[in-house]
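Structural characterization, general
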4 protein chains.
Amino acid sequence: MTPALPDRAILQELATANRILFQQGVVDGFGHVSMRHPGHPGHFLLARSMAPVMVTQDDIMLFDPDSEPTGGDKRRPYLERFIHGEIYRLRPDVAAVVHSHSPSVVPFGIVPTVTLRPVFHMSGFLGTGAPVFEIRCCAGDSSDMLIRDRTLGSALAVSLGPQSAVLMRGHGSTVVGQTLRQVVFRAIYTEVNARLQLDALRLGEPTFLSPGEAAASTETNNGQLNRSWDMWAAQVAGSPA
Amino acid sequence: MTPALPDRAILQELATANRILFQQGVVDGFGHVSMRHPGHPGHFLLARSMAPVMVTQDDIMLFDPDSEPTGGDKRRPYLERFIHGEIYRLRPDVAAVVHSHSPSVVPFGIVPTVTLRPVFHMSGFLGTGAPVFEIRCCAGDSSDMLIRDRTLGSALAVSLGPQSAVLMRGHGSTVVGQTLRQVVFRAIYTEVNARLQLDALRLGEPTFLSPGEAAASTETNNGQLNRSWDMWAAQVAGSPA
Amino acid sequence: MTPALPDRAILQELATANRILFQQGVVDGFGHVSMRHPGHPGHFLLARSMAPVMVTQDDIMLFDPDSEPTGGDKRRPYLERFIHGEIYRLRPDVAAVVHSHSPSVVPFGIVPTVTLRPVFHMSGFLGTGAPVFEIRCCAGDSSDMLIRDRTLGSALAVSLGPQSAVLMRGHGSTVVGQTLRQVVFRAIYTEVNARLQLDALRLGEPTFLSPGEAAASTETNNGQLNRSWDMWAAQVAGSPA
Amino acid sequence: MTPALPDRAILQELATANRILFQQGVVDGFGHVSMRHPGHPGHFLLARSMAPVMVTQDDIMLFDPDSEPTGGDKRRPYLERFIHGEIYRLRPDVAAVVHSHSPSVVPFGIVPTVTLRPVFHMSGFLGTGAPVFEIRCCAGDSSDMLIRDRTLGSALAVSLGPQSAVLMRGHGSTVVGQTLRQVVFRAIYTEVNARLQLDALRLGEPTFLSPGEAAASTETNNGQLNRSWDMWAAQVAGSPA
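Anyway, here's the lowdown on the structure attached to this text. Here the residue numbering is sequential within each chain, running from 1 through the sequence in written order. Both sets of labels track the order of writing: A upward for chains, 1 upward for ligands. The predicted nature of this model means local features are confined to residues of pLDDT at least 70 and side-chain atom pairs, given and counted, to a pLDDT of 80 or more, with totals for whole chains, interfaces and linings taken over all residues. Values shown for side chains rest on all heavy atoms present in the structure; no hydrogens or waters enter the calculation.

**A word on the interface of chain B and chain A**
In this analysis, two residues are considered to be in contact whenever any of their non-hydrogen atoms come within 4.5 Å of each other. Taken together, the contact between chain B and chain A spans 31 residues of the former and 39 residues of the latter. What counts as buried area is the accessible surface, traced by a 1.4 Å probe, that two parts surrender upon association, with contributions from both included. In this assembly, chain B packs against chain A so that about 2,800 Å² is buried in total across both faces, 62% of it on carbon and sulfur atoms. Each reported salt bridge corresponds to a side-chain nitrogen of Lys or Arg within 4 Å of a carboxyl oxygen of Asp or Glu. Seen at the junction of chain B and chain A, the total is four salt bridges. Its salt-bridge partner being A:Arg169, residue B:Glu213 comes within 2.9 Å of it at the nearest N-O pair. Polar contacts, as counted here, are pairs of nitrogen or oxygen atoms within 3.5 Å of one another; within protein the pair requires one atom able to donate a hydrogen and one able to accept it, and residues that are adjacent in sequence qualify only if both atoms are side-chain atoms. Taken together, the connections running from chain B to chain A amount to 13 residue pairs in polar contact (both at pLDDT 80 or more). Helix and strand definitions follow DSSP, with helices as H or I runs of at least four residues and strands as E runs of at least two, each counted in order from the N terminus. Counting only elements with at least two residues in the side of chain B that touches chain A, the list comes to helix H6 (180-203), helix H7 (211-222) and helix H8 (225-236) of chain B. Partitioned by chemical class, the residues of the side of chain B that touches chain A number 14 nonpolar, eleven polar and six charged. Note on residue categories: nonpolar means Ala, Val, Leu, Ile, Met, Phe, Trp, Tyr, Cys or Pro, charged means Asp, Glu, Lys or Arg, and polar means any other residue, Gly included.

**What about the relation of the copies chain C and chain D?**
When the copies are overlaid, the least-squares fit takes in C-alpha atoms only where the residue has pLDDT of at least 70 in both copies. At an RMSD of 0.0 Å, chain C and chain D line up after a rotation of 90 degrees and a shift of 0.0 Å along the axis. In the structure described here, the two chain copies are related by an operation that fits a four-fold rotation axis. Closest to the rotation axis within chain C is the C-alpha of C:Arg202, separated from it by 5.4 Å. Comparing interface residues between copies, only 6% of those in chain C also sit at the interface in chain D, which points to a heterologous contact through distinct surfaces.

**Observations concerning the environment of C:Thr220**
Assignment of secondary structure puts C:Thr220 in helix H7 (residues 211-222). When its relative accessible area of 13% is taken as the criterion, C:Thr220 is described as buried. Among all residues touching C:Thr220, those that are not within four sequence positions of it are D:Leu79, D:Asp144, D:Leu146 and D:Arg148. Note on classification: 1.4 Å probe, protein chains only; a residue is buried when its accessible area is under 20% of the maximum for its type, exposed when over 50%, partly exposed between these limits.

**Some remarks on the packing of helix H2 (residues 81-90) of chain D against helix H5 (residues 150-160) of chain D**
For any two helices packed against each other, one specifies the crossing angle of their axes together with the interaxial distance. All names here are of chain D. Axes here mean lines fitted to C-alpha atoms, for a helix over just the part in contact, with angles spanning 0 to 180 degrees between N-to-C directions. Running from amino to carboxyl end, H2 crosses H5 at an angle of 55 degrees, the nearest separation of the two axes being 8 Å. When the axis of H2 is compared with that of H5, the two are oblique. Judged by the sense of rotation from one axis to the other, the crossing of H2 with H5 is right-handed. Between H2 and H5, the contacting residues are Phe82, Ile83, Glu86, Ile87, Arg89 and Leu90 on the first element and Arg150, Gly153, Ser154, Leu156, Ala157, Val158 and Leu160 on the second. In terms of residue class, the contact of H2 with H5 is made up of eight nonpolar, two polar and three charged. Any angle from 65 to 115 degrees is called roughly perpendicular, while one under 35 is roughly parallel, one over 145 is roughly antiparallel, and all others are oblique. Here is the rule for handedness: rotate from the far helix to the near one, and if that takes an anticlockwise turn smaller than a right angle the crossing is left-handed, while a clockwise turn gives right-handed.

This is the structure we're talking about:
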């Protein structure tokens with residue numbers, strides 16, 4: 001049986017997350033953010049196929065564990081909803097997922113000799129560095145680069161492993177969190193970290209956070225998420241939709 | 001006999017394209033976008049000489065196959081309208097053209113040792129890389145760099161060949177599409193790709209899309225053009241004109 | 001006995017400083033600006049823990065010389081208030097402090113082989129170059145990177161020495177001034193200088209200001225602070241809060 | 001005898017130029033734009049000392065050929081008004097001057113091994129490249145970097161020579177034109193060219209415009225200045241002041 005949608009306050013929070021990610025330059029017309037259904041952890045919430053900045057409560061669909069729309073919902077879903085479903089399957093600790101083409105991160109996914117690593121305390125969640133998923137391993141060398149089925153979604157989830165972010169060669173990145181607010185924070189600071197690392201690499205060899213520093217700063221930042229969220233939410237309060 | 005202008009909805013779409021290209025940073029006071037007349041494929045529609053962001057329906061002129069204004073229209077046309085006319089002549093598959101000086105693309109046109117190539121799936125239409133047109137070959141080394149007659153327009157169209165984009169040394173670039181919405185999408189993502197490639201080249205040797213990946217992702221994106229268009233159109237809905 | 005808060009005009013000036021620093025890209029959801037209590041130089045004024053752009057007069061708290069809230073104020077203070085308190089203790093000439101993660105400055109703190117130095121007259125206050133504080137010296141290699149007690153604050157203040165700015169490895173920077181308007185000016189032009197130096201280092205070996213030029217231009221700029229302040233204050237006059 | 005101020009339409013045009021230069025990122029709180037008095041070519045018009053974006057008609061002062069305020073005007077003038085006066089003295093062909101710290105240009109003034117040269121047709125006015133003025137030659141190595149008297153202004157004007165732009169080491173740049181609209185166009189495209197050249201130099205060795213291309217494209221652009229001006233003026237129509 002299909003679970004009911006959660007409270008409208010939760011749908012509104014997800015719509016707000018969509019607009020924040022646009023306003024902060026993480027998504028453009030493409031990219032998406034999902035969350036697990038709070039009461040039914042096998043299911044997840046994700047907008048229908050549309051530009052994130054336009055998403056309202058009423059655009060949010062409920063997907064089953066196989067990333068299929070529920071309740072006979074005939075609206076067009078995102079082609080890449082399997083990113084979300086397969087990560088939720090493999091990572092029970094994850095409650096929210098952002099997929100994007102955020103611009104400073106893409107270069108780290110297409111140059112095999114570098115690794116995106118945390119250069120400052122706001123991005124300690126990047127830990128020992130973000131793995132890169134090479135879709136050619138699974139889809140051959142003539143794919144359209146999209147995670148368009150469960151097999152590819154599962155391969156991506158395996159690449160992610162226990163990390164918080166995985167880059168996708170020639171495509172973008174996917175970031176995960178334990179809450180919606182945390183994943184929004186992480187998607188934004190993954191982009192910030194990439195820009196800082198790009199600039200630092202011009203200057204010489206950066207000192208990255210140690211594993212202990214990465215873990216401790218992540219723990220501290222988890223207690224500060226609402227400070228940023230409240231500001232970002234205020235910034236999009238007057239935006240379309 | 002001169003064909004009549006198409007429906008005002010089509011003129012409005014072209015005016016909107018002008019404003020989107022400004023809002024997305026592809027054009028500034030210079031640059032232009034045209035489309036073939038839907039019912040008379042030898043003719044094309046292009047604004048009079050003015051800043052794109054100011055263009056309204058009433059500023060759009062109709063040009064004949066030789067890039068001359070029709071119907072005794074005495075308004076000042078763009079000096080470089082021959083870019084459009086000669087590409088339409090040589091490329092029957094092309095229904096819309098954007099010429100711009102979009103800032104991340106210019107450097108790829110002035111450094112002979114690099115090629116603009118697709119680094120991610122949104123710009124698969126760049127295929128095996130954008131050719132560069134060197135105007136000195138045809139206009140000598142003291143020209144004003146502009147495509148100001150049919151001969152230069154034809155030489156540029158030959159340089160473009162079967163590709164979707166051609167760079168112009170010391171000048172800018174020209175992008176083509178099968179529809180107006182597609183060419184706007186391509187002009188924007190040509191700029192995005194150039195910025196990503198500039199950043200990636202700092203980091204090391206990028207992995208470009210394979211020809212198969214470029215073709216397949218282009219095909220997929222062609223089915224998604226309206227998602228971006230709807231967002232961009234909403235963003236310029238309140239802009240001047 | 002706890003001193004009374006200063007005039008509301010002074011609190012308003014500090015709230016305005018918070019919003020200017022956000023609008024100019026020096027702070028995001030994190031970072032903070034303080035000033036000494038004008039009549040009680042051992043005490044200082046600093047907002048409660050919140051995003052700077054949201055700060056109003058009523059959010060400002062009064063701290064004692066040990067960076068503890070006064071008068072039984074139970075609101076949540078910034079974890080890093082010790083940056084401010086310990087600098088005020090060690091530097092009697094300092095009357096205002098900005099701590100931020102301003103994005104062009106961070107790379108200079110994480111690459112040990114470069115020094116942030118004044119490349120133009122607006123940032124002469126950088127003198128012979130900004131020192132870098134390495135928290136591992138004092139907190140080991142698994143800290144959360146924050147200046148969360150008096151000991152760390154004091155070590156940072158010692159690193160600052162007689163300079164106007166100190167970088168913090170893997171974290172950000174702290175800038176000091178003799179007045180609130182001066183420290184806002186300095187925080188903004190520290191960021192500008194870092195961007196210029198990053199760009200200049202791409203081109204070759206920069207010529208930095210000589211010590212004499214740095215001192216003389218600082219002196220001149222001190223007489224011009226209100227020109228920028230008036231503009232920045234006008235720009236944030238309509239912003240939230 | 002002191003000439004009368006010109007028509008208010010001319011003062012308004014100069015005020016608009018100030019706001020355009022701010023809106024386009026050429027000036028921040030510092031920088032200034034002047035024009036010769038149309039009927040009295042020995043005198044020139046320049047705002048009182050204030051942030052350019054705030055300038056209105058009523059803030060414009062009239063200066064004599066020695067850069068001194070006329071008619072007993074007691075308002076505070078810019079310290080560097082001698083930049084303008086001495087260029088007008090040495091260059092009778094110049095009718096308008098912009099001094100700025102525009103951010104992409106500064107690096108070319110502080111790295112002695114590079115020259116700012118035209119990389120595309122919009123900046124052909126840069127000719128064979130912008131000279132760099134080193135103030136140490138005239139003011140020693142402990143100056144405040146400012147052009148604060150006629151001697152320094154004259155030395156700068158000599159460095160400019162017959163060119164359209166001169167860079168000032170550790171400071172900024174000064175651009176000249178035959179009309180106010182032309183100098184605004186040139187100041188904006190000097191900044192654009194510098195950004196393009198910075199990016200191109202990352203990629204390899206750029207091909208610059210030949211002297212003939214630079215001259216011919218300048219001539220063409222002179223016929224197109226109003227297209228940009230009209231757009232820029234529309235963009236600042238609603239701005240403060």
